[in-house]
Amino acid sequence: SSANCGDAPYCTGTPGSARTAMSVAQTTVPGEVLPFVEVDNELYEASHFPWSGFVNDKHPYFTGSIQYGDGAFANTNGCDPFEDGSLEGKVLLVERGTCFFSDKVIHAQNAGAVATIVANNVEGPPFPGGHGGGSIYPTIPAFMVSLKDGEFIRTSMMLNLVQGNNSTTVTI
């Protein structure tokens, strides 16, 4: 057996350790959770999707506006394509569920978004969600925040709208 001890690396036992045996296993790869996302001066822990673009020289840290779904409380899971140019220069916030993480990010990128934040739909820490398959990989960075933090971000956005401020600031 191999990797039957959780997310500890290099874990193997009999018969996988026999001289002539070949053993394979999948372990839980620990994801790095860092305070990547700042919304209205509040830091939120986020996990980067490793198959998405990185915040680097091509995608430097930036500050801009964030939009939830299509901006009219529809397509909040990001599973349907967005109108061309509707997310130009914005960070998209969507909910986890219904379709692959990569579909959400590709739809955002195709509409002009500069990054995507996926809010988890269950309790627990954010994690580096998997790519859904296929040969298309987004070039914009994407992150997951926890359910609680996603709710805080949406609440901050709603408060800004109620107060007449149509823009919520996000820094990645």
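Attention here is on the structure that accompanies the text. These numbers were taken from a predicted model, which means no experiment stands behind them.

### Section: the state of the cysteines
Note on terminology: disulfide describes a covalent bond linking the sulfur atoms of two cysteines.
Here is step 1 of the chain: The full count for this structure, using the stated rule, is 1 disulfide.
Here is step 2 of the chain: Covalent S-S linkage joins Cys79 and Cys99, the inter-sulfur distance amounting to 2.1 Å. Every disulfide takes its handedness from the sign of the S-S torsion; for Cys79 and Cys99 that torsion is -90 degrees, giving left-handed. With Cys79 in the loop between strand S3 (63–68) and strand S4 (91–95) and Cys99 in the loop between S4 and helix H1 (101–110), this pair connects stretches of sequence that are 20 residues apart.

### Here we look at a nonpolar patch on the surface
Here is step 1 of the chain: A contiguous nonpolar patch, built from Phe73, Met158 and Leu161 and spanning about 280 Å² of accessible area, is present on the exposed surface.
Here is step 2 of the chain: With respect to the secondary-structure elements, Met158 resides in helix H2 (residues 147–162).

### Let's talk about the nonpolar core
The nonpolar side chains of a soluble globular protein tend to be buried, and buried together.
Here is step 1 of the chain: One finds Ile66, Val91, Leu93, Ile117, Ile153, Val170 and Ile172 to be the most contacted residues of the largest nonpolar core, which totals 17 residues.
Here is step 2 of the chain: At the level of secondary structure, the elements contributing two or more residues to this core comprise strand S1 (33–39), strand S2 (42–48), S3, S4, strand S5 (115–119), strand S6 (142–145) and H2.
Here is step 3 of the chain: Formed by 15 residues, the second largest nonpolar core is a distinct cluster that contains Leu92, Phe101, Ala113 and Val118.

### Quick notes on H1
Here is step 1 of the chain: Burial analysis of H1 places 7 of its 10 residues in the buried class, which makes it a mostly covered element.
Here is step 2 of the chain: For H1, the set of buried residues is Phe101, Ser102, Lys104, Val105, Ile106, His107 and Ala108.
Here is step 3 of the chain: Its buried side turned inward, H1 meets S4, S5 and S6.
Here is step 4 of the chain: One or two positions beyond H1, positive phi appears at Gly112, with a value near 100 degrees.

### Quick word on H2
Here is step 1 of the chain: Its 16 residues give H2 an end-to-end C-alpha distance of 23 Å, which sits within 8% of 22 Å, the value for a rise of 1.5 Å per residue.
Here is step 2 of the chain: When we look at burial in H2, the residues that qualify are Leu147, Asp149, Gly150, Ile153, Arg154, Ser156, Met157 and Asn160.
Here is step 3 of the chain: Downstream of H2 by one or two residues, Gly164 has phi in the positive range, about 85 degrees.

Basis of the calculations
Sequence order as written defines residue numbering, which begins from 1 separately in each chain. Residues qualify for local features only when their pLDDT is at least 70, as the model is predicted, and side-chain atom pairs are given and counted only at 80 or more; totals for whole chains, interfaces and linings, by contrast, use all residues. Where side-chain values are given, they derive from all heavy atoms of the structure, hydrogens and water being excluded. The criterion for a disulfide is a pair of cysteine sulfur atoms lying within 2.5 Å. The secondary structure listing takes helices from DSSP runs of H or I that are at least 4 residues long and strands from runs of E that are at least 2 residues long, numbered from the N terminus. For patches, a residue must show more than 30% relative accessible area and have no salt bridge; joins then use 9 Å for like charges and 5 Å for nonpolar side chains, namely Val, Leu, Ile, Met, Phe, Trp and Tyr. Where accessible areas are quoted, they stem from the Shrake-Rupley method and a 1.4 Å probe; at the residue level, only the protein chains shown are allowed to cover. In what follows, salt bridge is the name for a side-chain nitrogen of Lys or Arg lying within 4 Å of a carboxyl oxygen of Asp or Glu. The definition of a nonpolar core used throughout is a set of buried Ala, Val, Leu, Ile, Met, Phe, Trp, Tyr and Cys residues joined through side-chain atoms within 4.5 Å. Exposure categories follow from relative accessible area, calculated using a 1.4 Å probe and restricted to protein chains: below 20% of the type maximum is buried, above 50% is exposed, and the middle band is partly exposed. Contacts are assigned to residue pairs that have any heavy atoms within 4.5 Å of one another. What a helix is expected to span follows from its residue count: subtract one and scale by 1.5 Å.

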